[in-house]
Amino acid sequence: MEDTKRMFWNEPNSKSYGIPTVSIPRLSYKDPLADKLIANMKPVVLTDTNLVGSAMKWDSHYLQENLGDSPCTVYLSKTHKFKYFDANQTKKCDNDFSPPTEQIVMRFQEFVKRLKSWKEGDKRLYMQEPLNEKILKSLQLVNDILTFNWGWARMQQKQNNWGPLTTNLLMISTQGNVTPAHFDNQHNLFAQIYGYKRFILFPPEDYDKLYPHPVWHPHDRQSQVDFDYPDYTKFPKFHDIKGHEALLGPGDVLYLPLYWWHHVESLLQTHFTISLNFWYKAGPNLCLSDSTLYPLEGYQKMAIMRNVEKMLVEALRDVNEVGPLLRTILEGRYN
Ligand SMILES: CC[C@@H](CC(=O)C(=O)O)C(=O)O
Ligand SMILES: [Zn+2]
């Protein structure tokens, strides 16, 4: 793996974006430091969990055999970026929101056909579908899933007090696709199955450097900063950002902590990449109580800021009144 890693960084698609980064530790799951990092909500790549060992044989042919006519959600983009948006939150944008990607449902076999014939210049494809009874018709695939290393995953969930597993998102991306920087409100065990992905992570406390869209916006949780063409006038603090970087290959699992920002790229080594994530709800330590330790952690302050913003949007109704009211609270009093 190390040799592959060295070869990779010559790849043209590993843009540095001018962001200094440190490497995320790559450890055996047996290394006590691995569990310590997870317990402290720090990212770590685990190289030998065998979490999705039974999925290492999943390639386009095998998945076509076992998912064939299942309907799956596919995003189409004219660019390499797949910036997520919540279609239910466009009403507050007075129709000046233009979706950056198209979302369609197609049969899995149709997706594979388009994936195989895809070439540079075509609309890029990104299939993202939760593994659930809707698509799991084949016993072979169900058996593969049943033989994941659930013992290890359940142990992490229990000893770190995570909430329930909510989703296993199956992701199949054409080479070179980018999921721009965003955060999720769940813990994530991200398993790489085929091809290579590059992650650049930023801690929750970089909230002020990544300028997320407002909570009411369709791009809630997504950074406003375009890493390819950063607007340092509008987003000056982005200049000081520092990242945590990891290259994931088949069998690697990245623990991506709740509220950590992440930018994700499918590298050019293969025509497409296959990944599966395990999203777990946050545990009770996101709620403040008598046992809360102070000072609060970055992720706890992030939850507070989001709740304050949501409360103001609800109370004021007009989103244009949120800024002026916050400035009134701040100016000459807290700054
Ligand atoms: C959802 C797409 C993204 C992964 C991610 O953001 C997550 O698992 O939270 C990626 O791999 O391109
Ligand atoms: Zn994410």
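Details of the structure are given in the entry above.
The shown structure was predicted, so the numbers you read here are calculated from the model rather than taken from an experiment. (Residues numbered from 1 in each chain as written. Chains lettered and ligands numbered in written order. Predicted model: local features only at pLDDT ≥ 70, side-chain atom pairs only at ≥ 80, totals over all residues. Heavy atoms only, no water.)

A. Structural detail: the layout of surface pockets. Estimates place the volume of the largest pocket at around 860 Å³. Forming the boundary of the largest pocket are 25 residues, of which Pro214, Glu309, Val322, Gly323 and Leu326 lie nearest the centre. Going through the elements one at a time, α8 (298-316) and α9 (322-330) are the ones with two or more residues in the lining of the largest pocket. By residue class, the composition of the lining of the largest pocket is 14 nonpolar, 4 polar and 7 charged. Both domains that meet at the lining of the largest pocket, namely domain 1 (2-286) and domain 2 (298-330), each give it at least three residues. For the second largest pocket, the calculated volume is near 630 Å³. For the lining of the second largest pocket, the secondary structure elements donating two or more residues are β4 (71-77), β6 (124-130), β8 (169-174), β9 (178-182), β10 (186-194), β11 (197-202), β14 (261-266) and β15 (272-281). (1 Å grid on protein atoms, 1.4 Å probe; cavity = no way out; pocket = protein on both sides within 12 Å on 5 of 7 lines; lining within 4 Å. Points joined across faces, edges and corners; volume = space filled by probe spheres on them. Helix = DSSP H or I, 4+ residues; strand = E, 2+ residues; numbered from the N terminus. Nonpolar A, V, L, I, M, F, W, Y, C, P; charged D, E, K, R; others polar. Domains from an automatic or database assignment.)

B. Here's a closer look at the packing of aromatic side chains. For the structure on display, the rule yields 19 aromatic pairs. On the numbers, 5.6 Å between centres and 70 degrees between planes, the contact of Phe183 with Tyr259 is edge-to-face. Of this pair, Phe183 sits in the loop between β9 and β10 while Tyr259 sits in the loop between β13 (253-256) and β14, placing them 76 residues apart in sequence. Note on Phe183: relative accessible area 1%, which makes it buried. The structure contains a cluster of three or more aromatic residues connected by ring pairs, namely Tyr17, Phe202, Phe227, Tyr232 and Phe238. (Phe/Tyr/Trp six-rings, centres within 6.5 Å; stacked < 30°, edge-to-face > 60°. Buried < 20%, exposed > 50% of the residue type's maximum accessible area, 1.4 Å probe, protein only.)

C. Just the site of ligand 1, in detail. Not every one of the 13 residues close to ligand 1 is listed here, only the nearest: Tyr126, Thr179, Asp184, Asn188 and Lys197. Asp184 is positioned such that a nitrogen or oxygen atom in its side chain is 2.9 Å from an oxygen atom of ligand 1. Within the contact set of ligand 1, an oxygen atom lies 2.8 Å away from a side-chain nitrogen or oxygen of Lys197. The fraction of the free accessible surface of ligand 1 (320 Å²) that becomes covered by protein chains is 95%. For the shell around ligand 1, the class distribution of residues is 5 nonpolar, 6 polar and 2 charged. (Near = heavy atom within 4 Å. Polar contact = N/O pair within 3.5 Å; in protein donor to acceptor, adjacent residues only side chain to side chain. Areas by Shrake-Rupley, 256 points an atom, 1.4 Å probe, with all protein chains shown as cover.)

D. Quick peek at the coordination of the zinc ion (ligand 2). At 2.1 Å from the zinc ion (ligand 2) lie its protein donor atoms, namely His182 (NE2), Asp184 (OD) and His262 (NE2). Taken in sequence order, the residues that donate to the zinc ion (ligand 2) follow the motif H-x1-D-x77-H. Taken as a pair, His182 in strand β9 and His262 in strand β14 lie far apart in primary sequence, 80 residues in all. You'll find His182 and His262 in the same group, each marked buried. (Donors = N, O, S within 2.8 Å, 3.2 Å for Na, K, Ca; no water.)

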